[in-house]
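If you want the building blocks of each chain, they are given just below.
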Amino acid sequence: MNPKRCAACRYLRRRCPKDCVFSPYFPPNNPEKFACVHRIYGAGNVSKMLQQLPVQTRAEAVESLCFEATCRIEDPVYGCVGMISLLQTQIQKTESLLARTQAEITVAQIKHSQNQHSEFM
């Protein structure tokens, strides 16, 4: 076993070539990262995707694939869309709470100014 093999080559039980498309993005100390991506997309598909991308965008693409694969494993039906929907719901509730609080502040300020105005009369 070559300890310098990337996580992808180690998972696939093959030699890691010097020009391995996976090695910069799947280090040997994080095998779970490749396992998730492989489980959802397959090694061949990931390899094709990475080879079609410019080198400067591959790292970001791998992070996106990892995130999406992890979400899909955790929620097989909705994947990351489920998380997006949950976050949108939280944003809507928070915006509603903020609007209600701002309205209460406005009412309190009006009552306070009316009380001050009536004390002077």
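All of these numbers come straight from a predicted model, not from anything done at the bench.

Peer 1: Is there a simple way to think about the overall build of the protein in this case?
Peer 2: In terms of helices and strands, the protein carries five helices and zero strands. For the protein, the N- to C-terminal ordering of α and β elements is α-α-α-α-α. At 26 Å, the protein has a C-alpha radius of gyration far larger than the 14 Å of a compact globule built from 121 residues. Oriented by its inertia axes, the alpha-carbon framework of the protein measures out at about 90 × 30 × 25 Å. For the protein, the proportion of its 121 residues judged to be buried stands at 21%. Taking all contacts inside the protein whose residues are at least 6 apart in sequence as the whole, residues at least 24 apart take part in 42%. Between the averaged position of the 15 positive side-chain charges in the protein and that of its 10 negative side-chain charges there is a distance of 17 Å.

Peer 1: Which parts of the structure should I look at to understand the side chain of serine 47?
Peer 2: Turning to its location among the elements, serine 47 is positioned in helix 3 (residues 43-52). Overall, serine 47 belongs to the buried group, its relative accessible area being 16%. For serine 47, the contacting residues outside a window of four places in its chain are Val21 and Phe22.

Peer 1: Honestly, helix 4 (residues 55-74) in this entry has me stumped. Any pointers?
Peer 2: Helical periodicity: at 3.6 residues per turn, an α-helix aligns residues three or four positions apart in one direction. The terminal C-alpha atoms of helix 4, which comprises 20 residues, lie 29 Å apart, in line with the 28 Å expected from a rise of 1.5 Å per residue. For helix 4, the set of buried residues is Arg58, Val62, Leu65, Cys66, Ala69 and Cys71.

Peer 1: Whenever I open this one, the pattern of salt bridges confuses me. Can you help?
Peer 2: Side-chain pairing between opposite charges can occur once the charged atoms of the two side chains come close. Evaluated as defined, the whole model comprises one salt bridge. We note a salt bridge from lysine 33 to glutamate 63, for which the minimum N-O separation is 2.8 Å. Here glutamate 63 lies in helix 4 and lysine 33 lies in helix 2 (residues 31-41), a separation of 30 residues in the sequence.

Peer 1: Would you mind going over the UniProt feature "domain: LOB" (unreviewed entry) in the protein with me for this structure?
Peer 2: Per the UniProt record, "domain: LOB" (unreviewed entry) is found at residues 4-105. Regarding residues 4-105, the helix share stands at 72% and the strand share at 0%, and the terminal C-alpha atoms are separated by 62 Å.

Peer 1: Can you walk me through a nonpolar patch on the surface in this structure?
Peer 2: Together, Phe67, Met83 and Leu87 make up a nonpolar patch on the protein surface, roughly 270 Å² of accessible area in all. Structurally, phenylalanine 67 can be placed in helix 4.

Peer 1: Which parts of the structure should I look at to understand the nonpolar core?
Peer 2: What tends to happen in soluble globular proteins is that the nonpolar side chains get buried as a cluster. Phe22, Phe26, Phe34, Val37 and Leu50 are the most contacted members of the largest nonpolar core, which totals 18 residues. Contributions of two or more residues to this core are made by helix 1 (7-12), helix 2, helix 3 and helix 4. A per-element tally of this core places helix 4 first, with four residues. If near-sequence neighbours (up to four positions away) are discounted, phenylalanine 34 is found in contact with Ala7, Ala8, Tyr11, Leu12, Phe22, Phe26 and Ala43.

Peer 1: Would you explain the side chain of arginine 58 in this entry?
Peer 2: Position of arginine 58 relative to the elements: it lies in helix 4. If we ignore the near neighbours within four places in the chain, the residues touching arginine 58 are Val21, Tyr25, Leu50, Gln51 and Leu53.

Thresholds applied
Residues numbered from 1 in each chain as written. Predicted model: local features only at pLDDT ≥ 70, side-chain atom pairs only at ≥ 80, totals over all residues. Heavy atoms only, no water. Helix = DSSP H or I, 4+ residues; strand = E, 2+ residues; numbered from the N terminus. Rg over C-alpha atoms; globule rule 2.2 N^0.38 Å. Buried < 20%, exposed > 50% of the residue type's maximum accessible area, 1.4 Å probe, protein only. Contact = heavy atoms within 4.5 Å. Lys, Arg positive; Asp, Glu negative; His and termini not counted. Charge placed at Lys NZ, Arg CZ, Asp CG, Glu CD. Expected span 1.5 Å × (residues − 1). Salt bridge = Lys/Arg side-chain N within 4 Å of Asp/Glu carboxyl O. UniProt positions renumbered as here; feature names shortened; annotations may be inferred. Patch = residues over 30% accessible without salt bridge, like charges linked within 9 Å, V, L, I, M, F, W, Y side chains within 5 Å. Areas by Shrake-Rupley, 256 points an atom, 1.4 Å probe, with all protein chains shown as cover. Core = buried A, V, L, I, M, F, W, Y, C linked by side-chain atoms within 4.5 Å.

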